[in-house]
Amino acid sequence: MTMSPIELLAPAGSLDILKSAVDAGADAVYAGVGVFNARMNASNLTEDELRDGCLYAHRRGSKVYLTLNTLINSSEMDEAVNIASYSYDAGVDGILVQDIGLAVKLHELYPSIPLHASTQMNVFSEDQFAELASIGIRRVVLPRELSLDEIKRRCKIASEYGIETEVFVHGAVCVCYSGLCLYSSMNKSGTRSGNRGMCAQPCRQQYSLSFDGIDLKKGHLISPKDRSALRYISSLIEAGVSSLKIEGRMRDRSYVTTVVDSYRRIIDASNDGSVSRGEIRKIENDLLINFNRGGSFTSQYLTGHKPDDMLSGEYVGKYGLRLGKITRTDKKQGIIEFTFNSEYPVPSKGDYLSIRENDNELFSFPVGKIHEAPGKLVIKGLHPDSIAAIKGSPDVYLMNHDTVKLGKNNIRKTPVKIVLTVSDNAVEAEAIVTEGINKDVTGNYEILLDSGFDGKAVPRDRIIEQLSKTGDTPYRVTEVVFDKYEDVHCPISLINELRRGLTDDLTSSIDYEREHTCIREFVAPKRKEEPSNAGTIKTLYYFPSVRAVKGDLRRDSDIYAFSLYDLVIKDNRERIYGFMENNKTSIILVLPDAYHDKLNDVVNRADRELKENFKDRYLGIMDSRVTGLGNCRSGHFLSAGANLFNADSIGFALSRSQAVTLSYELSPDEAIETLKGLYAGKDDTVIIHSGGPIAWMQSDFCPLGAHRKGCKECYDRPYTTLSDSDGHNECKVISHSADCSCSIYGNAKYTYSDKNAEEIADQGFNVIQMFTEI
């Protein structure tokens, strides 16, 4: 097993899984400790287990990253910082963060800690890398929605600022842009925040989609298949990606081992140019058996096109691999016969088969006896009564199969070269690591020879053999060379002592080299000053879709905001322009919180035309980019998609935007208390949500058309209604014809009253009360 120049990054929900992932070939693993990570329901690691995991991984040439990738409120900030500093001292090689406030705080206090921007940070725009580098971000996990071309451009830009890029290559995907999903935190009880690591996975539920009371479709309308980029590994390597990431901290040991081993084989084959279609098909079959939703994988948007087969269908659990159709049953003999493709793995005794018809499982059972025949398999194991109940030709699926057997030679170990110097009275040995993160680290040991030993000399080949028996140690000896050789007269036990002493010293050297301690920088405490004057209060009215609004748009508001998606459609643009010409208030352009590069020209054109038409009445754009604009505050309004959840994130954002929207997940009481920790400058403005629906989900996938070619479903429908299986929690789906994306709007969990606005203004902040209407 070689150590490749591109990192294979695996999930570790427990210490046992961490070790298995490393053994299977992971160049790095990521794990959580306790709270503040996006998989709160995983086993996660204790602090002691994290230290042990770092030692285990480092000795085998792998890295460990800590996940602190949730939103942090102000009262939790000190605890999160302490977890980060302890974990770095324990040996982690980087810390994954979502919260911009936590990132800024960590970099301020501990600038030596390498920070990774989680995909939850939604770094979608090309212009964000420079400022991310300035706050200590050394790696960005790119959004799953990017195409290969977009990934390649971002890799190039990121490298200019010393930032690595990481891409998800396998596992479950969110139908929503990462970090922008509020569905779980707003739906039903509203206690399961995805941004706080407790997502209830509402995307896996059943829904109905309707318009004007007429049902359009029902089922699992927003449940995507799992992702696999297996066929694009070479392209991702060529694009300059630094790390290939596997999703799955909630998965078991078998899942992680199988996926790591599969991608390890493809990466190694890609590096030496030996990838074959047959090998890829075989590995894909192994992965499908291991776990998939919907019977196949999706590559999502890597090709730059939106596939129409992204959904998992009505069978959203473990799907298995379809082997064939039943052609014959015999109750008396207790057998079923079904068609079989020789490219598929043959079931083994004890594997489970599932018999299904139209995605409904009829029976599942463990395999007993197996008989192979050309193009078919005959299996025993299903109860005779169940066999008698089978009608027609239902499908047969293989649900589990032991696809990975890691032999001793396949387990990841650190490659070592041993150099021996033999003299009359001693043997000196040096072990040198030849590859990976520990390259050139050395260990040394010496044995003294007894001049009175009267046995035979140990042959050179026997010395090499004994030194190569590294057994359960983290090392694999690849070469033994003699700098100087004379006959070695000693018992073989002394050569074994040499090996043990040498590997022990090498382990100590590696542990020392990988050890680091974060030194806390002195940061002068910020002085909280009383505001000299109360802030102003204004109102803002936002129409996510003017098509959905009947009649006059006037709402007695100081500011009006309109979506880019409306301004690119002639009829809607003319309506907006006509309204603004007769209404002398201000206007804001609202951009999607995530959008593809192909919309850049559209954004620039809309921005330019609004400046030309409305001059000073045009206040600028609203989007979620908390980084990327430097300190140019004028003309930028930060949306709720920035996830400003604590005083540190709000303070950072206020220094970079004309006005910032507080997180929709902050209650008014929490927000008011949080703002007390900030000094309000005379121009600092916060936006609070005071009425109307909010975006529960923003997605590159549209459930209305499901990306069917030539779909024009949204042209005559300003919105559709998405309801859960109980007919509750109705949401409005606004489909965007410009890029076949959508926004799903639902009721806000929190709204801010006039009294709340006055309390915030009394603290010295200017306040904009925002209302929305669909």
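Owing to the predicted nature of the structure, the values given are computational and were not obtained by experimental measurement.

So, on to the pairing of strand E36 (residues 766–772). Along E36, 6 of the 7 residues are buried, which leaves the element largely enclosed by surrounding structure. Strand direction decides the pairing type here: strand E25 (residues 537–543) and E36, joined by 6 bridges, are parallel. Residue pairing in the sheet places tyrosine 542 in a bridge with threonine 772 of E36. Sheet analysis places strand E31 (residues 685–691) next to E36, joined by 6 bridges and oriented parallel.

Taken together, the 7 strands give an open sheet; going across it, the order is E15-E14-E18-E12-E13-E17-E16, and neighbouring strands pair in antiparallel fashion. On the outer flanks of this sheet lie strand E15 (360–366) and strand E16 (370–373), each paired with one strand and no other. Taken pair by pair, the neighbouring strands of this sheet meet at an average axis angle of 30°, ignoring direction. For strand E12 (residues 321–330) and strand E13 (residues 335–339), the ladder comprises 4 bridges, and the chain directions are antiparallel. Across the sheet, the residue bridging to threonine 329 is isoleucine 336, located in E13.

This part is about the packing of helix H9 (residues 253–271) against helix H10 (residues 277–290). Relative orientation of the contacting elements H9 and H10 amounts to 170°, with a least axis distance of 10 Å. Between H9 and H10, the angle is such that the two are roughly antiparallel. Between H9 and H10 lies a crossing whose hand is left-handed. Contacts from Ser254, Tyr255, Thr258, Val259, Ser262, Tyr263, Arg265 and Ile266 in H9 reach Glu279, Ile280, Lys282, Ile283, Asp286, Leu287 and Asn290 in H10. The class makeup of the residues in the contact of H9 with H10 is 7 nonpolar, 4 polar and 4 charged.

As a further point, take the packing of aromatic side chains. Applying the stated criterion across every chain yields a total of 15 aromatic pairs. For the pair tyrosine 560 and phenylalanine 579, a centre-to-centre distance of 4.9 Å together with 80° between the ring planes defines the contact as edge-to-face. Pair noted here: tyrosine 560 is in strand E26 (residues 559–563) and phenylalanine 579 is in helix H15 (residues 570–581), with a separation of 19 residues, a long-range link. Each member of the pair tyrosine 560 and phenylalanine 579 is classed as buried. When the ring of phenylalanine 562 is compared with that of phenylalanine 579, the centres are 6.5 Å apart and the planes differ by 75°; the resulting orientation is edge-to-face. Highlighted residues: phenylalanine 562 in strand E26 and phenylalanine 579 in helix H15, separated in sequence by 17 residues. According to the relative accessible area criterion, phenylalanine 579 is buried, its value standing at 9%. Among the aromatic residues, those joined into a ring-pair cluster are Tyr541, Phe543, Tyr560, Phe562, Phe579 and Phe771. Lying across the ring of phenylalanine 168, arginine 144 places its NZ or CZ 3.8 Å from the centre.

Taken as a whole and judged by the stated rule, the model has 7 cavities of 30 Å³ or more. Every residue lining the largest cavity is counted, 34 residues in all, and those nearest its centre are Tyr542, Asp593, Ala695, Gln698 and Tyr745. When grouped by side-chain class, the residues that make up the lining of the largest cavity number 20 nonpolar, 13 polar and 1 charged. Estimates place the volume of the second largest cavity at around 150 Å³. Gln98, Met121, Val626, Gly641 and Ala642 are the residues nearest the centre of the second largest cavity, which is lined by 15 residues in total.

How each quantity is defined
- Residues numbered from 1 in each chain as written.
- Predicted model: local features only at pLDDT ≥ 70, side-chain atom pairs only at ≥ 80, totals over all residues.
- Heavy atoms only, no water.
- Buried < 20%, exposed > 50% of the residue type's maximum accessible area, 1.4 Å probe, protein only.
- Helix = DSSP H or I, 4+ residues; strand = E, 2+ residues; numbered from the N terminus.
- Pairing = 2+ DSSP bridges.
- Axes fitted to C-alpha atoms, helices over the stretch in contact; angles between N-to-C directions.
- Parallel < 35°, antiparallel > 145°, perpendicular 65-115°, else oblique.
- Left-handed = near helix turned anticlockwise from the far one by under 90°.
- Contact = heavy atoms within 4.5 Å.
- Nonpolar A, V, L, I, M, F, W, Y, C, P; charged D, E, K, R; others polar.
- Phe/Tyr/Trp six-rings, centres within 6.5 Å; stacked < 30°, edge-to-face > 60°.
- Lys NZ or Arg CZ within 6 Å of the ring centre and 35° of its normal.
- 1 Å grid on protein atoms, 1.4 Å probe; cavity = no way out; pocket = protein on both sides within 12 Å on 5 of 7 lines; lining within 4 Å.
- Points joined across faces, edges and corners; volume = space filled by probe spheres on them.

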